[in-house]
Amino acid sequence: MNERSSGALESLAGPLYVLALLLVVTPPIDVLANVWPIRLGEVSWRYGTVGASSGYLLTPLLGLGLACLIAIARRQRMLLRVLAIVCLVTGVVLVVAAIDFGLDAAQIRHTVPTTPELARWSFDVGAAKAIFKDLSAAVAILWLGLATRRARRALGADGKHAPPPLVGHAAERGH
């Protein structure tokens, strides 16, 4: 990276981090505002909350991806470590949420009327879509977390790129 592009990145890093934070934080706040008060003991509340939140997953994923890109470009190893942990924990939470959602859906499926004919089918399709969204987002965020860990390791302890292992060994032997 030359000096000019490095300066441009430094100028944009702050606003892009704020944008990334907004992308990550705003959707959960919107969901929380729509499902308040929290009633974890109610199956129908959990079903509705997880179902509704599955439609909001892409925006926080984009925000985390943006934050990871900026941190890599700025060689911020500590932030990369935090972002990798956030991604990995979020991925596990999404897998658990998908499993719990499926169990909640099975538990309340009997309350869906069988008439009109499409009511139960619509319920089943909606539940399957939410599970698919949660699990695909979990795969994406877990992959991002693992890739961020690898990117952090690829940066040397001083924040510069470490040489590939073969290059390092050849340089030590004087080749």
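Residues numbered from 1 in each chain as written. Predicted model: local features only at pLDDT ≥ 70, side-chain atom pairs only at ≥ 80, totals over all residues. Heavy atoms only, no water.

1. Quick look at the packing of aromatic side chains
Put simply, the rule is: Between 30 and 60 degrees the pair is tilted, below 30 it is stacked and above 60 it is edge-to-face, where a pair is any two Phe, Tyr or Trp rings, Trp via its six-membered ring, whose centres lie within 6.5 Å. Counting from the N terminus, the helices are DSSP H or I runs at least four residues long and the strands are E runs at least two residues long. Relative accessibility thresholds used throughout: buried, under 20% of the residue-type maximum; exposed, over 50%; partly exposed, between the two (1.4 Å probe, protein chains only).
Summed over all chains, the structure comprises two aromatic pairs. With a centroid separation of 4.8 Å and 10° between ring planes, the pair formed by Tyr47 and Phe101 is classed as stacked. With Tyr47 in helix α2 (residues 43–53) and Phe101 in helix α4 (residues 77–108), this pair connects stretches of sequence that are 54 residues apart. Classification of Tyr47 by relative accessible area gives buried; the value is 17%. For Phe101, a relative accessible area of 1% translates into the label buried. Here Tyr47 and Phe123 contribute two aromatic rings whose centre-to-centre distance is 5.2 Å and whose plane-to-plane angle is 20°, an arrangement assigned as stacked. Taken as a pair, Tyr47 in helix α2 and Phe123 in helix α5 (residues 118–154) lie far apart in primary sequence, 76 residues in all. In this structure Phe123 comes out as buried when scored by relative accessible area, which is 12%. Linked through ring pairs, Tyr47, Phe101 and Phe123 together constitute an aromatic cluster.

2. With respect to the nonpolar core
Defined as follows: Nonpolar cores were defined as sets of buried Ala, Val, Leu, Ile, Met, Phe, Trp, Tyr and Cys residues, with membership established by side-chain atoms within 4.5 Å. Any pair of residues with heavy atoms lying within 4.5 Å of one another is described as a contacting pair.
Within the largest apolar cluster, 18 residues are counted, with the highest numbers of intra-cluster contacts made by Leu83, Leu94 and Ile141. Elements that contribute at least two residues to this core include exactly α1 (3–35), α3 (58–73), α4 and α5. With six residues, the top contributor of residues to this core is α3. Beyond its immediate sequence surroundings of up to four residues, Leu83 is in contact with Leu64, Ala67, Cys68 and Ala71. Counting residues in each nonpolar core, the second largest holds ten residues, with Val43, Val50, Phe101 and Ala127 among its members.

3. So, the pattern of salt bridges
Heads up, the condition is: Note on definitions: salt bridges are taken to be side-chain nitrogens of Lys or Arg within 4 Å of carboxyl oxygens of Asp or Glu.
Inspection of every chain in the model, using the stated rule, returns five salt bridges. For Glu10, the salt bridge goes to Arg74, with nearest N and O atoms at 2.8 Å. On the criterion of sequence distance, the pair formed by Glu10 in helix α1 and Arg74 in the loop between α3 and α4 is long-range, its members being 64 residues apart. Note on Glu10: relative accessible area 42%, which makes it partly exposed. By relative accessible area, which is 27% here, Arg74 ends up partly exposed. Among the salt bridges present, the one from Arg46 reaches Asp104, with a minimum N-O distance of 2.9 Å. Placement of the pair is Arg46 in helix α2 and Asp104 in helix α4, with a sequence separation of 58 residues. Each of the two residues, Arg46 as well as Asp104, counts as buried.

4. Focus: a nonpolar patch on the surface
Our working definition: Every patch collects residues that have over 30% relative accessible area and no salt bridge, joining them within 9 Å if they carry like charges and within 5 Å if they are nonpolar side chains (Val, Leu, Ile, Met, Phe, Trp, Tyr). To measure how exposed things are, a 1.4 Å probe is used in the Shrake-Rupley method; for residues, cover is taken only from the protein chains shown.
A contiguous nonpolar patch, built from Leu32, Trp36, Ile38 and Leu40 and spanning about 440 Å² of accessible area, is present on the exposed surface. Within the secondary structure, Leu32 is located in helix α1.

5. Some words on the environment of Gly91
The residue Gly91 is located in helix α4 in this model. A C-alpha to C-alpha distance of 9.1 Å links Gly91 and Asp134, two positions 43 residues apart in sequence. Setting aside residues no more than four positions away along its own chain, Gly91 makes contact with Ala138, Ile141 and Leu142.

6. So, α4
Here is the rule: Multiplying 1.5 Å by the residue count of a helix minus one yields the expected span of that helix.
For α4, built from 32 residues, the straight-helix expectation of 46 Å at 1.5 Å per residue is met to within 8% by its first-to-last C-alpha distance of 46 Å. For α4, every residue scored as buried is listed here: Leu80, Leu83, Ala84, Cys87, Gly91, Leu94, Ala98, Phe101, Asp104, Ala105 and Ile108.

7. Here's the deal with the side chain of Arg152
To be explicit about the condition: For the purposes of these results, a polar contact is taken to be a pair of N or O atoms within 3.5 Å, where, inside protein, one atom must be able to donate a hydrogen and its partner to accept one; residues adjacent in sequence count only when each atom of the pair is a side-chain atom.
Looking at the element boundaries, Arg152 is found in helix α5. A distance of 3.0 Å separates a polar side-chain atom of Arg152 from the backbone oxygen of Arg77. In this structure Arg152 touches Arg77, Leu80 and Arg81, once residues within four positions along its chain are discounted.

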